[in-house]
Amino acid sequence: MAYVPILKGKRGEFTALGQMEPGVQAEVHPIMEVVHDERLRDVMETFRKNAWGQLPQGLDIAVDCGGLWHHGVVGGVWTGRPMHWLSEAFGAWLLALIPVFRPYDPPGALTEVRDVQRAHRRGAVLRVDVFLVPVGSPTVSREVRTALRAVHLAPEQVDLVLDAGHVSGDTAVTDALPPMLDALRWARQATWRNVVLAAGAFPKTLRKLVRGIPNRVHRWDAALWRKVVNSTDGMPPHFGDYGVTHPVAPRRGRGSIPNIRYTAGEDWQVYVAPQTLPGNDDFFVIARELLRSEYWPVRGEATSWGDAELAMCARGQRAKAGGGAEWRAWATSHHLAVTAEALRTTGQP
């Protein structure tokens, strides 16, 4: 059972990928989203630098540029629009890139995906939003066939990601179940390389959570996956989620409040600091609370690189508590490790 996290292409997430143990890396097949900003060139350069500096050899990542094709040529050392630009940059560093596309992408974007997959020879990822696209209808089937012809790939060369977006609560899971089941039945009519069911459940903001104590946030994305699997026969699809983030990237704002997003079984335990100490020193306090809690794993700091960093904070072995990128890296590192291990040992996320 493979694990397909859909991660924001930011420093924290790239750092977590770079720190994975070999056993975790073997199970994780990430999709990295290029998060759009006003300055396209800066966004692309930052993504490229993070990939060059953090990605381990042998880890093939899928890259989703979303609608950035419409923003034109990036410029600089490499040429072309975002996907082609990254393809050249990855090739210069001997990194493999798997392009992501959608059924309704414009012809120019599909041509770019065709060229990139030819250059890297890793196939591609077809991403479908099951709420926006009536998967299984004759129209969609035609559009998918047309898109596959445009990128010069057969289904067996493509990973199909069926994405339910954000789900939170029993009602959201109940509403998402029928379209996900329909999409999975449709997907099984073709010989896709892999089929992934993905969703996200982490809240968009932490501002509504109580500070100073662990907040239980249920992993509804994992609950939806289990419901789909329990409602169908045959080989279970792979599991995908959005890690410890909301599917929609937040707008730029003020610095993050010290927080820990800690995956524990079917829930996250989310600590939000009360901000009573100077700077980010409250992070040391909530790290100590985590280590003393029932949620700290049996393997402790050996669970992941992120757990080791959290333990150092709790024991006062770090001079500084870090910032938003570090906290996201540590939480993502833990999440990747425990989710991959759960899928490997139990077949459940």
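Anything mentioned here points back to the structure above.
The paragraphs below set out a description of the structure included in this document. Because the structure is predicted, anything quoted here is derived from the model rather than measured.

For the rest of this paragraph, the subject is unusual backbone geometry. Generally, phi is negative for residues other than glycine and the peptide bonds are trans, each holding for most cases. In the Ramachandran plot, Arg121 falls in the positive-phi region, its phi being about 55° despite a non-glycine side chain. Examined against the element boundaries, Arg121 turns out to sit in the loop between helix H5 (107–120) and strand S5 (124–129). Not every positive phi belongs to a glycine, and His152 is a case in point at roughly 60°. With respect to the helices, strands and loops of the structure, His152 is situated in the loop between helix H6 (138–151) and strand S6 (158–166).

Moving on, we get to the nonpolar core. Membership of the largest hydrophobic core comes to 86 residues, with the highest contact counts inside it found for Leu86, Phe90 and Trp192. Looking at this core element by element, the count peaks at 9 residues for helix H7 (residues 170–187). Ignoring any residue separated from it by four or fewer positions in sequence, one finds Phe90 in contact with Phe47, Ala51, Leu55, Ile61, Val63, Leu95, Ala96, Leu97 and His120. Residues Tyr262, Phe284, Leu291 and Ala314 belong to the second largest nonpolar core, which totals 19 residues.

With 6 of its 7 residues buried, strand S7 (residues 194–200) lies for the most part within the structure. Sheet topology places S6 next to S7; 6 bridges connect them, and they run parallel. Residue pairing across strands places Asp159 opposite Asn194, the latter belonging to S7. Each parallel crossover has a hand, and for S6 linked through H7 to S7 it is right-handed. Here S7 pairs with strand S9 (residues 238–241) via 3 bridges, running parallel.

Right, let's get into the sheet that holds strand S10 (residues 259–264). The strands making up a sheet are joined through hydrogen bonds of the backbone, oriented either antiparallel or parallel. On the basis of which strands lie adjacent, the open sheet formed by 3 strands has the order S8-S11-S10 and antiparallel pairing. Because the sheet does not close on itself, it has two edges, and the strands there are strand S8 (214–218) and S10. Sheet twist, expressed as the average angle between the axes of neighbouring strands with direction ignored, equals 25°. By the bridge criterion, 6 bridges tie S10 to strand S11 (residues 267–272) in an arrangement that is antiparallel.

So, how was this worked out
- Residues numbered from 1 in each chain as written.
- Predicted model: local features only at pLDDT ≥ 70, side-chain atom pairs only at ≥ 80, totals over all residues.
- Heavy atoms only, no water.
- Helix = DSSP H or I, 4+ residues; strand = E, 2+ residues; numbered from the N terminus.
- Core = buried A, V, L, I, M, F, W, Y, C linked by side-chain atoms within 4.5 Å.
- Buried < 20%, exposed > 50% of the residue type's maximum accessible area, 1.4 Å probe, protein only.
- Contact = heavy atoms within 4.5 Å.
- Pairing = 2+ DSSP bridges.
- Right-handed = clockwise from strand over helix to strand, strands pointing away.
- Axes fitted to C-alpha atoms, helices over the stretch in contact; angles between N-to-C directions.

Fair warning: the whole summary comes from geometry, so function is off the table for now.
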